[in-house]
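Summary of structural features
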Amino acid sequence: MPLVLLCGYPSSGKTRRALEIREKLEAAGKTVHFTGDEQCQDDKNVFYSEPRKEKELRGSLKAAAERYISKDCVVIVDSPNYIKGFRYELYCVARQNKATHCVVYCMASKEQCQEWNAARPESQRYSDTIFDELVMRFEEPETRNRWDSPLFSLLGDDSLPFDEISEALFDRKARRPNQSTQTQPVSSATFVHDVDRLPLTFHAFFIFPVCSQQPVSSATFVHDVDRLPLTFHAFFIFPVCS
């Protein structure tokens, strides 16, 4: 099932839009998983001021998307998502799971967002320093980028185009996963078989000629080494040469 990404300046109304989308999806009988910056155990100003903690937060958001995205659940990621590289990662998660996705961009001026931020309870506000830094880092989504498309750009007083969003999520065919979006296996399918063949291969190319006292020319040796399985090179030849 689909993945919905919210993005925009801090305090631009992303959570309001995300809750509005969730309410309409649930009213339409869809199962929705909602994830976002509320996963922060500490003050979000602390997370966004420390690169390590911010990276952990993005990792937890991606993990939640990977865990809950399925044919029976719509995942909504309510976060600034200001880095286009992170939006691309989430796009790859959707594509790997053969799911559709869309981006909802909450458009607002910096001055308007500052007013909305100041109106929040003190415990939920962004500090002036963190607010300015997030605005400066923000990479605006573009429809020409496949990971930002389809893109719905909404101003604060715009009505939610739920029918268009629903059509993009449920009536559009998901892109097929390709090599860049699929999880690659740690080792080849024949890895164990190749390792099992190593002793026999070693005996055939090295032990038997020595025992039979058959001279091996340098040209023959190079030719024979080239015929060895790749795993033999990995376990024996490469460590010696390096």
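One can find the structure itself at the top, above this paragraph.
Below is a summary of the structure that appears in this document. If you're wondering where the values come from, they're calculated on a predicted model, not measured in any experiment. (Residues numbered from 1 in each chain as written. Predicted model: local features only at pLDDT ≥ 70, side-chain atom pairs only at ≥ 80, totals over all residues. Heavy atoms only, no water.)

1. Concerning the packing of aromatic side chains
Both the distance between ring centres and the angle between the ring planes are used here to describe each pair of aromatic rings. According to the stated counting rule, one finds five aromatic pairs in the structure shown. Between Tyr48 and Tyr126, the ring centres sit 6.5 Å apart and the planes meet at 50°, which makes this aromatic pair tilted. Residue Tyr48 is found in helix H2 (residues 44-49), and its partner Tyr126 is found in the loop between helix H5 (110-118) and helix H6 (128-137); the two are separated by 78 residues along the sequence. Look at Tyr48 and you get buried, because its relative accessible area is 3%. Ring geometry for Tyr88 versus Tyr91: centroids 6.0 Å apart, planes at 35°, classification tilted. Of this pair, Tyr88 and Tyr91 are both found in helix H4 (residues 84-96), three residues apart, which corresponds to roughly one turn of the helix. (Phe/Tyr/Trp six-rings, centres within 6.5 Å; stacked < 30°, edge-to-face > 60°. Helix = DSSP H or I, 4+ residues; strand = E, 2+ residues; numbered from the N terminus. Buried < 20%, exposed > 50% of the residue type's maximum accessible area, 1.4 Å probe, protein only.)

2. Remarks on the sheet that holds strand S5 (residues 151-154)
Judged by pairing direction, the sheet is parallel, and its five strands sit side by side in the order S2-S3-S1-S4-S5 without closing on themselves. Only two strands of the sheet have a single neighbouring strand rather than two, namely strand S2 (32-36) and S5. Across the sheet, the mean angle from the axis of one strand to that of its neighbour is 20°, orientation sign disregarded. For S2 and strand S3 (residues 74-78), the ladder comprises five bridges, and the chain directions are parallel. Across the sheet, the residue bridging to Phe34 is Ile76, located in S3. Where helix H1 (residues 14-27) meets the sheet, it contacts strand S1 (3-8), S2, S3, strand S4 (101-106) and S5, and its direction lies at approximately 170° from that of S3. In the packing of helix H3 (residues 51-68) onto the sheet, contacts are made with S1, S2 and S3, and the angle to S2 comes to roughly 170°. (Pairing = 2+ DSSP bridges. Axes fitted to C-alpha atoms, helices over the stretch in contact; angles between N-to-C directions. Contact = heavy atoms within 4.5 Å.)

3. Points about helix H7 (residues 162-171)
Taken together, the buried positions of H7 are Phe162, Ile165, Ala168 and Leu169. In an axial view of H7, the angular spread of the buried residues amounts to 130°, which keeps them on one side of the axis. Away from the buried face of H7 by more than 90 degrees, exposed residues Asp163 and Asp171 are located. The inward-facing, buried residues of H7 abut S1, H1, S4 and S5. (Arc of directions from axis to C-beta.)

4. A short note on the pairing of S2
Where burial is concerned, most of S2 is hidden: five out of the five residues are buried. Both faces of S2 are covered, namely the face carrying Val32, Phe34 and Gly36 and the face carrying His33 and Thr35.

5. Let's talk about the pattern of salt bridges
Per the counting criterion, the structure on display carries nine salt bridges. Residue Glu89 is joined to Lys62 by a salt bridge in which the shortest nitrogen-to-oxygen separation is 3.3 Å. Of this pair, Glu89 sits in helix H4 while Lys62 sits in helix H3, and the two are 27 residues apart along the sequence. For the salt bridge of Arg144 with Glu142, the shortest nitrogen-to-oxygen distance reads 2.5 Å. It is possible to trace a salt-bridge network through shared partners that takes in Glu54, Arg58, Glu133 and Arg137. (Salt bridge = Lys/Arg side-chain N within 4 Å of Asp/Glu carboxyl O.)

6. A short note on the nonpolar core
Formed by 27 residues in total, the largest nonpolar core has its most connected members in Leu3, Tyr48, Ile69 and Leu90. Ignoring anything within four residues of it in the chain, the contact list for Leu90 reads Leu3, Leu5, Lys62, Ala65, Val77 and Asn81. Formed by 19 residues, the second largest nonpolar core is a distinct cluster that contains Phe34, Val74, Cys102 and Leu169. (Core = buried A, V, L, I, M, F, W, Y, C linked by side-chain atoms within 4.5 Å.)

Bear in mind that shape data such as this cannot, by itself, settle questions of function.
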